[in-house]
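Each chain, letter by letter, is given below.
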Amino acid sequence: MIALVRRITAVCVLGAALAACGTADPAKPARPAHAEPHASVSPSPAGTPTMAAGPGGLTPVFEHGPRDRGKTVALTFDADMTADEGPRAAAGERFDNPGLISALRTLKVPATVFMTGRWAEEYPDQARALGHDAQFDVANHSYSHYAFTGDCYGLPTVAPDDELGEVQRTYTALRKAGVPNPMPYFRFPGGCYDRDALRAVSGAGVTAVQWDVISGDAFATDADAVVRQVLDGVKPGSVVVMHCTRSAAPTTEKVVRAVVPELRRQGYRFVKVSELIRESGTRR
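All figures in this text were calculated on a predicted structure; none of them were measured in a lab. (Residues numbered from 1 in each chain as written. Predicted model: local features only at pLDDT ≥ 70, side-chain atom pairs only at ≥ 80, totals over all residues. Heavy atoms only, no water.)

### Quick word on helix 6 (residues 163–177)
So, point 1. In this model helix 6 runs 22 Å from its N-terminal to its C-terminal C-alpha over 15 residues, within 8% of the 21 Å that 1.5 Å per residue would give.
So, point 2. When we look at burial in helix 6, the residues that qualify are Glu163, Gly165, Glu166, Val167, Gln168, Thr170, Tyr171, Ala173, Leu174 and Ala177.
So, point 3. If you follow the buried residues of helix 6, they end up packed against strand 3 (111–115), helix 4 (117–122), helix 5 (124–131), strand 4 (136–140), strand 5 (185–186) and helix 7 (195–200).
So, point 4. Residue Gly178 follows helix 6 closely and has a positive phi angle near 110 degrees. (Helix = DSSP H or I, 4+ residues; strand = E, 2+ residues; numbered from the N terminus. Expected span 1.5 Å × (residues − 1). Buried < 20%, exposed > 50% of the residue type's maximum accessible area, 1.4 Å probe, protein only. Contact = heavy atoms within 4.5 Å.)

Now the structure itself:
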């Protein structure tokens with residue numbers, strides 16, 4: 001059983017990137033407008049693997065798949081955009097990365113994209129294309145990319161009463177963008193959560209997905225260093241966290257083009273998170 005404590009990852013470059021996703025004035029963080037009521041997550045596609053709820057019905061947490069069922073690895077990509085970054089996008093900053101997605105398609109690598117609702121609103125055509133491509137699973141990364149706990153890399157925080165709404169609002173945004181079957185998986189912004197956060201989002205019926213390998217791609221300029229970090233960290237069943245934002249992770253496409261053939265040479269098979277959860281055999 002995974003300990004229900006807030007996970008703070010001690011990697012400076014990732015911490016810096018996540019902090020940079022906050023507002024320019026962290027002393028006075030803007031908050032997303034209070035979301036209107038949303039329907040609960042609609043039923044997942046038949047056969048979608050999920051984990052059983054934790055003690056007291058808490059949202060279950062998944063970090064990696066089985067270590068003893070073959071050399072599988074899941075590459076995951078966070079499509080981050082905060083609720084207040086619209087002006088930066090309007091000024092030309094790119095929070096998407098079509099080149100990365102093209103590389104994954106060319107290399108025939110299944111992947112899971114954790115998408116914020118704000119990103120889906122900014123790039124609906126790309127969200128729709130990913131949602132209709134069987135090579136990808138699209139999952140939930142909150143609407144605003146604000147933290148669900150305090151002290152999370154300097155991110156502004158979501159009010160406790162708004163946490164479930166953040167998850168539900170994102171599913172509404174994904175479906176509005178044209179993603180027909182967003183997965184019942186949720187990644188906490190910054191990977192920061194505690195028991196209260198797990199309790200707050202339990203009504204959404206999601207499995208919280210963390211990771212066991214940090215790529216270090218956030219704001220990295222040395223692709224080779226990121227490649228080494230991924231290759232050194234991957235084990236059978238690993239979940240690797242990367243980013244799908246050109247401005248915040250400019251080397252990721254190059255990293256993927258190097259990591260994929262090397263891991264295949266080592267005998268690894270790439271899968272989506274859903275397959276790792278299925279292999280874990282812990283359905284609701």
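### With respect to the packing of aromatic side chains
So, point 1. Going through the model one piece at a time under the given rule, you end up with 5 aromatic pairs.
So, point 2. On the numbers, 5.4 Å between centres and 25 degrees between planes, the contact of Phe188 with Tyr193 is stacked. Tyr193 shares its class with Phe188; the two are buried.
So, point 3. What links up through ring pairs into an aromatic cluster is the set Phe148, Phe186, Phe188 and Tyr193.
So, point 4. Taking NZ or CZ as reference, Arg169 lies 3.8 Å from the ring centre of Tyr143, over its face.
So, point 5. Across from the ring centre of Phe114, 4.2 Å away, lies the NZ or CZ of Arg187, which sits over that ring. (Phe/Tyr/Trp six-rings, centres within 6.5 Å; stacked < 30°, edge-to-face > 60°. Lys NZ or Arg CZ within 6 Å of the ring centre and 35° of its normal.)

### Regarding the pattern of salt bridges
So, point 1. Counting across every chain of the model gives 15 salt bridges.
So, point 2. Across the pair Asp96 and Arg246 runs a salt bridge whose closest N-O atoms are separated by 2.9 Å. Linking Asp96 in the loop between helix 2 (86–90) and helix 3 (98–107) with Arg246 in the loop between strand 8 (238–243) and helix 9 (252–265), this pair joins segments that are 150 residues apart in sequence.
So, point 3. The structure contains a network of salt bridges with shared partners spanning Glu85, Arg88 and Glu93. (Salt bridge = Lys/Arg side-chain N within 4 Å of Asp/Glu carboxyl O.)

### Section: the nonpolar core
So, point 1. Grouped together as the largest cluster of nonpolar side chains are 57 residues, with contacts concentrated most on Phe77, Leu104, Met115 and Phe188.
So, point 2. No other element matches helix 9, which puts 5 residues into this core.
So, point 3. Counting residues in each nonpolar core, the second largest holds 16 residues, with Met183, Ile214, Val271 and Val273 among its members. (Core = buried A, V, L, I, M, F, W, Y, C linked by side-chain atoms within 4.5 Å.)

### Re the side chain of Ser144
So, point 1. Within the fold, Ser144 resides in the loop between strand 4 and helix 6.
So, point 2. On the basis of relative accessible area, Ser144 is assigned to the buried category, the value being 0%.
So, point 3. In this structure the side chain of Ser144 is engaged in a polar contact, spanning 3.1 Å, whose partner is the backbone nitrogen of Tyr146. (Polar contact = N/O pair within 3.5 Å; in protein donor to acceptor, adjacent residues only side chain to side chain.)

### Some points on the pairing of strand 2 (residues 72–79)
So, point 1. For strand 2, a buried count of 8 out of 8 residues is recorded, marking the element as mostly surrounded by other parts of the structure.
So, point 2. For strand 2 and strand 9 (residues 269–270), the ladder comprises 2 bridges, and the chain directions are parallel. Following the sheet pairing, Thr72 is matched in strand 9 by Arg269.
So, point 3. Bridge count for strand 2 against strand 3 is 4 bridges, and the pairing is parallel. Across the sheet, residue Asp78 finds its bridge partner in strand 3, namely Phe114. (Pairing = 2+ DSSP bridges.)

### Looking at the side chain of Arg118
So, point 1. When you line up the elements, Arg118 lands in helix 4.
So, point 2. By relative accessible area, Arg118 is classed as buried at 13%.
So, point 3. The residues touching Arg118, leaving out its near neighbours within four places in the chain, are Met81, Thr82, Ala83, Gly86 and Tyr143.

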